[in-house]
Number of protein chains: 2
Amino acid sequence: MPESHKPETAPQPPHESAGVSTLLDTIGLSDFLCFAIYSTSHAFNRVYKPLLDELGLTYPQYLVMVALWAENDQTVGGLGAKIFLESSTLTPLLKRLEALKYVSRRRDSGDERVVRVSLTDEGRALRQRAHDVPRCVLEASGLSETQLRRLQAEITQLRENLHKAGV
Amino acid sequence: MPESHKPETAPQPPHESAGVSTLLDTIGLSDFLCFAIYSTSHAFNRVYKPLLDELGLTYPQYLVMVALWAENDQTVGGLGAKIFLESSTLTPLLKRLEALKYVSRRRDSGDERVVRVSLTDEGRALRQRAHDVPRCVLEASGLSETQLRRLQAEITQLRENLHKAGV
DNA sequence: GAAAAATACATCGCGCTCGATTTAATCGAC
DNA sequence: GTCGATTAAATCGAGCGCGATGTATTTTTC
């Protein structure tokens, strides 16, 4: 717990030529990568919302559907590992998808601890109705597919780093 | 509402040489930029949590404190414009910061509609205790400051694009 | 200067997210 | 086979986030 003794509060002009530690003292919100990610995540959500409203889905529900369209019949834990969500988040979310008739939830007959999540016919059919969603979002992003892929790869790498650090 | 009639569900191998529209049919979660952002946002949160727990703050509360350290005495609306949050989110959050004695909330005497949020002495003092947080997170990110700044700028641009699209 | 419109914040309901804990089933050691 | 440890989901409480709505104050319009 370092106890430096420097002046506080007043909006200081940024020191362009300062070293890292000094920079970290004088930065504002806009300098935080985490804030850029945080706020962009919300911005994506706002773009998705009107598109997903038509399907009756929220964004995390949509992610689950995408995962199931790619591979049907997954466990709660398996979905959580892919989407990085805990069962405490997924269980109620999946119950809502079940209430919407898009998925079914059944205990695995071989291992009664496991719950298997599968697409219903309506869940499968939804894929067609959701067909244009990624294209609409791609357009809203204003990025070329090349830019997008590079950015996607860099951020995914960043996520891996953070996971490793979070041991 | 496009009504194509193609086979569904089974995990198809990605067509490396396919055009955009076909690509969008066969992608999985890992191909979505929005998912990379979404999951990395959560990953950041997990890195921040143990650091902020010591200060009694959540991540969005920390953002408000950062904003106030940069410029004291801001309105609810002004904070919301910077952090991209609605009053429905900020009002209860600010009340919690007030309960923690880090900020005070007062109606503006000139315009009684406005609530001004200011740092308390404890809120100012917290800045010292939070001094190492950005450095810890920077280290966890595993990025050089150069990489970090470039990525931060690109994502901020992306956020601006999404805001424009979301008219 | 009174009525209408706009502004700033607060309230409410719903869903997401997590950590901590609980419950049930399976696996391992013996 | 039984006890203990492990595993998989579910449950609970707290906080975030938003859209819709409400309330009080200000500004605008006439």
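An unreviewed UniProt entry lists chain A under the name Transcriptional regulator, MarR family, with Faunimonas pinastri given as the organism.

Once that is clear, we can look at the relation of the copies chain A and chain B. When chain A is fitted to chain B, the best match, at an RMSD of 0.0 Å, comes from turning it 180° and sliding it 0.0 Å along the axis. Both copies of the chain, as the preceding transformation shows, are related through a two-fold rotation axis. The position closest to the rotation axis in chain A is occupied by the C-alpha of Ile37 of chain A, lying 3.1 Å away.

Moving on to the interface of chain A and chain B. Listed per partner, the contact involves 72 residues of chain A and 71 residues of chain B. Between chain A and chain B lies a buried interface of about 7200 Å² when both sides are counted; carbon and sulfur atoms form 64% of it. In this structure, Glu154 of chain A engages Arg150 of chain B in a salt bridge whose closest nitrogen and oxygen atoms are separated by 3.3 Å. Among the elements of the structure, α1 (20-26), α2 (33-53), α3 (59-70), α4 (76-83), α6 (121-129), α7 (133-141) and α8 (145-165) of chain A are those that each provide at least two residues to the side of chain A that touches chain B.

Another point: the packing of aromatic side chains. Evaluation of the coordinates by the stated rule reveals 14 aromatic pairs over all chains. Summarising the aromatic geometry, the rings of Phe35 of chain A and Phe84 of chain B are spaced 6.3 Å apart at their centres and angled 15° between planes, so their arrangement reads as stacked. Remark: Phe84 of chain B occurs in the loop between α4 (76-83) and α5 (87-99) and Phe35 of chain A occurs in helix α2; the pair is interchain, linking two chains. On the accessibility criterion, Phe84 of chain B (21% relative accessible area) is partly exposed. On the numbers, 6.4 Å between centres and 75° between planes, the contact of Tyr62 of chain A with Trp69 of chain A is edge-to-face. By relative accessible area, which is 1% here, Tyr62 of chain A ends up buried. Classification of Trp69 of chain A by relative accessible area gives buried; the value is 7%. Members of the aromatic cluster, each reached through a chain of ring pairs, are Phe32, Phe35 and Tyr38 of chain A together with Tyr48, Tyr59, Tyr62, Trp69 and Phe84 of chain B.

Each value, and the rule that gives it
Residues numbered from 1 in each chain as written. Chains lettered and ligands numbered in written order. Predicted model: local features only at pLDDT ≥ 70, side-chain atom pairs only at ≥ 80, totals over all residues. Heavy atoms only, no water. Least-squares fit on C-alpha atoms with pLDDT ≥ 70 in both. Contact = heavy atoms within 4.5 Å. Buried area = accessible area lost by both parts, 1.4 Å probe. Salt bridge = Lys/Arg side-chain N within 4 Å of Asp/Glu carboxyl O. Helix = DSSP H or I, 4+ residues; strand = E, 2+ residues; numbered from the N terminus. Phe/Tyr/Trp six-rings, centres within 6.5 Å; stacked < 30°, edge-to-face > 60°. Buried < 20%, exposed > 50% of the residue type's maximum accessible area, 1.4 Å probe, protein only.

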